[in-house]
Amino acid sequence: MANEQLKSNETADKICHGIPLTDIPNLFQTAPVLNDMKDIHDIGHTFMIKPFKYDSSNPDREPEPIHGIRNYLDIWNDDHVRLPCSPFNVTNDGIPRWPIIQNKLIQLKQKCIEKTATINDIKTTIEESNGASFEIGCLEQLLNQSYSADQRAHFISIILPEMISLALNVGNICSQPPPLLRIGTNRSLTMSQRQAASLLACAFFCLFPQQFNGQINNKYQTYQSFNFIHLLRSGSPWKLEKLKCILHYFRRIIEDMPKGVLTFRRFALPDIWKPKWIESQAPLCKIHLRKNTTIEDMRGLLQVDFANEFIGGGVMNEGIVQEEIRFTICTEMLVSVLICEVMLPNECIFLIGCEQYVTYSGYATTFKAKDNFIDKTPKDSWGRKLSHVVAMDAINYLNSLDQYTIENMSRELIKAYTCFRIPKSMEKSMFGIATGNWGCGAFNGDRQLKAIIQLMAASEAGRPLVYVTWHDQYLVEWFWKVYQYLTNQQATVRDLCIYLQQFSMQYNQSTLFEFILNTPLSLLRKS
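Values in this document were obtained by computation on a predicted structure and should not be read as measured data. (Residues numbered from 1 in each chain as written. Predicted model: local features only at pLDDT ≥ 70, side-chain atom pairs only at ≥ 80, totals over all residues. Heavy atoms only, no water.)

1. Remarks on a nonpolar patch on the surface
Here is step 1: A surface patch of nonpolar side chains, about 250 Å² in accessible area, is lined by V321, Y363 and W470.
Here is step 2: With respect to the helices and strands, Y363 occurs in the loop between β8 (358-361) and β9 (368-372).
Here is step 3: For Y363, a relative accessible area of 32% puts it in the partly exposed group. (Patch = residues over 30% accessible without salt bridge, like charges linked within 9 Å, V, L, I, M, F, W, Y side chains within 5 Å. Areas by Shrake-Rupley, 256 points an atom, 1.4 Å probe, with all protein chains shown as cover. Salt bridge = Lys/Arg side-chain N within 4 Å of Asp/Glu carboxyl O. Helix = DSSP H or I, 4+ residues; strand = E, 2+ residues; numbered from the N terminus. Buried < 20%, exposed > 50% of the residue type's maximum accessible area, 1.4 Å probe, protein only.)

2. A short note on the UniProt feature "active site" (unreviewed entry) in the chain
Here is step 1: Annotation from UniProt places "active site" (unreviewed entry) at D305, E323 and E324. Judged by maximum C-alpha separation, these annotated positions cover 20 residues in sequence but sit close together in space, the widest gap being only 9.2 Å. As for the lining of the second largest pocket, the annotated residues named previously contribute D305, E323 and E324.
Here is step 2: Tracing the backbone through its elements, the reader meets D305 in strand β6 (residues 302-307).
Here is step 3: We classify D305 as buried; its relative accessible area is 1%.
Here is step 4: Ignoring any residue separated from it by four or fewer positions in sequence, one finds D305 in contact with Q322, E323, F327, V389, V390, A391 and M392.
Here is step 5: For E324, the position within the fold is in helix α10 (residues 322-329). (UniProt positions renumbered as here; feature names shortened; annotations may be inferred. 1 Å grid on protein atoms, 1.4 Å probe; cavity = no way out; pocket = protein on both sides within 12 Å on 5 of 7 lines; lining within 4 Å. Contact = heavy atoms within 4.5 Å.)

3. Regarding the sheet that holds strand β3 (residues 187-192)
Here is step 1: Reading across the sheet, the ten strands line up as β1-β5-β12-β11-β6-β10-β7-β4-β3-β2 and stay open at both edges, with mixed pairing between neighbours. Unpaired on one side and paired on the other, β1 (16-18) and β2 (45-47) mark the two borders of the sheet. Within the sheet, the average angular offset between the axes of one strand and its neighbour, ignoring direction, is 20°.
Here is step 2: The pairing of β2 with β3 spans three bridges and is classified as parallel. Among the inter-strand pairings, H45 is bridged to a residue of β3, identified as S188.
Here is step 3: Taken strand by strand, helix α12 (residues 406-420) contacts β4 (261-268), β6, β7 (347-352), β10 (388-393), β11 (433-436) and β12 (465-468), and its axis lies near 165° from that of β10.
Here is step 4: Each of β1, β5 (287-290) and β12 touches helix α14 (residues 473-488); the most contacted strand, β5, lies at about 160° to it. (Pairing = 2+ DSSP bridges. Axes fitted to C-alpha atoms, helices over the stretch in contact; angles between N-to-C directions.)

4. Considering the pairing of β5
Here is step 1: A two-sided burial pattern is seen for β5, the buried positions comprising I287 and L289 on one face and H288 and R290 on the other.
Here is step 2: In this structure, β1 lies alongside β5, joined through three bridges in antiparallel fashion. Its bridge partner lying in β5, C16 is registered against R290.
Here is step 3: As defined by bridge partners, β5 adjoins β12 across four bridges and the pair is classed as parallel. By the bridge assignment, L289 is partnered in β12 with Y467.

5. Observations regarding the nonpolar core
Here is step 1: Counting 91 residues, the largest nonpolar core has F155 and F205 as the members making the most contacts within it.
Here is step 2: A total of nine residues in this core trace back to one element, the largest contributor, which is helix α5 (residues 149-168).
Here is step 3: Among all residues touching F205, those that are not within four sequence positions of it are L105, L108, I126, N130, L160, M163, I164 and A167.
Here is step 4: I24, L27, C348 and F431 belong to the second largest nonpolar core, which has 74 residues in total. (Core = buried A, V, L, I, M, F, W, Y, C linked by side-chain atoms within 4.5 Å.)

6. Side note on the packing of aromatic side chains
Here is step 1: With the rule as written, the count across this model stands at 20 aromatic pairs.
Here is step 2: Residues W277 and Y417 carry aromatic rings whose centres are separated by 6.0 Å and whose planes lie at 90° to one another, so their mutual orientation is edge-to-face. Of this pair, W277 sits in the loop between β4 and β5 while Y417 sits in helix α12, and the two are 140 residues apart along the sequence.
Here is step 3: According to the relative accessible area criterion, W277 is buried, its value standing at 10%.
Here is step 4: Since its relative accessible area comes to 11%, Y417 is described here as buried.
Here is step 5: With 5.7 Å between their ring centres and 20° between their planes, W480 and Y483 make a pair best called stacked. With W480 and Y483 both in helix α14 and three residues apart, the pair spans about one turn of that helix.
Here is step 6: Since its relative accessible area comes to 7%, Y483 is described here as buried.
Here is step 7: Lying over the aromatic face of W76, R82 brings its terminal NZ or CZ to 5.3 Å of the ring centre.
Here is step 8: Here the guanidinium or amino end of R463 rests over the ring plane of F431, the centre of that ring lying 4.6 Å away. (Phe/Tyr/Trp six-rings, centres within 6.5 Å; stacked < 30°, edge-to-face > 60°. Lys NZ or Arg CZ within 6 Å of the ring centre and 35° of its normal.)

Here it is, written out as structure tokens:
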């Protein structure tokens, strides 16, 4: 299956360079060997499910909540998500909020069953559950104008009541609040797809209390809001298309709840593990360059999410570029917005097992929801789809010339290496990396500089690189020319480090690729 898909990708994009995709190790060919969940004793890894082992002969077996069904253990502190069902979730007057929420949701569910519910009833339920006014013009437009009468009736009478049930049962389904993956920690969280669905249903009704880091001045919020407050408001045509994708996710999981497992992992690279670039003798990794494929099509590889430091970026609002699109079509990725604090320069976040539910066309303002998508990605022994995505945030250069300083190039190198470094538990599975023009859109990055930085990081990590240039044939050709020039001279990571150091002093005289091609390695090594 893996080779067939890779050959299909080769045919679709004939203008490519480097080693064939089929020669790049991928997860489908060499799936990592995992210890059984019951044998994991890492205090930094929280399981919200009982030990579970996937059996392909019994795919409908579903993971159970860690404390069993209908057993909820509440935690209310700065290290855990504040669930709406907690008894500590109170109004400004000290009145428990959960009974109010339950009452309003049950009333709405009854109207849905009786087929009398309206869009205004949804609005009233959200407002009365929160004790605040809400504007849900985007949802109203989607249901009343974009949906047909049959689609609208199906959503309100079939989908919505099941979403309400998922929200009402968040305590039973999750059995405890998820831990937060906080700044500076190496923590992992593993949950079932049903648990993710329950959390997302609560977010739709805007039920989560505000999450903040009590150790940091509250003026600097370190978490994004997970509630759908901004998604439901009137806005752009592309926000409506995002909401269409997300409601399609709810339809899919209500018609057939997925039985799989998800893992969210935060990794902070210790200082002692940071490479000494100027001393590195690592050879350049193998590469494959192409222009007409998306990163999410590179299945079986580590796929790079061009992230915001706040994971998800503008996905809960108007944003709809690479990261937001991925989180919209793979809706379970949104859970990371709830649990992950802002990333530091030496940190990244891995999203493992998230399923794709819908296809799309366009990009940014031309984004459109398209068709249902059946994700046939195989699973590992934990029941997670072999989909590994890493959130890698670039610097946002308000002044594009700032990116050529040694300090900023070093920061981006460390960020990329943090993401590309293979965990010890997976060293026998050095599968390739799929990336591209990281931070080169709204963040004003230099495509040539980012290409060399990511080549250095992947080479230091010892992993092959698939580089997708997003329709930029010029970059494909020139990156390949530079790569051949370097490999023909047996260049190392150290050599590229020296190139960057020297280029930082003369970036206004030529492009980086021109500088490399016009500076022989023999001359460089003497300097």
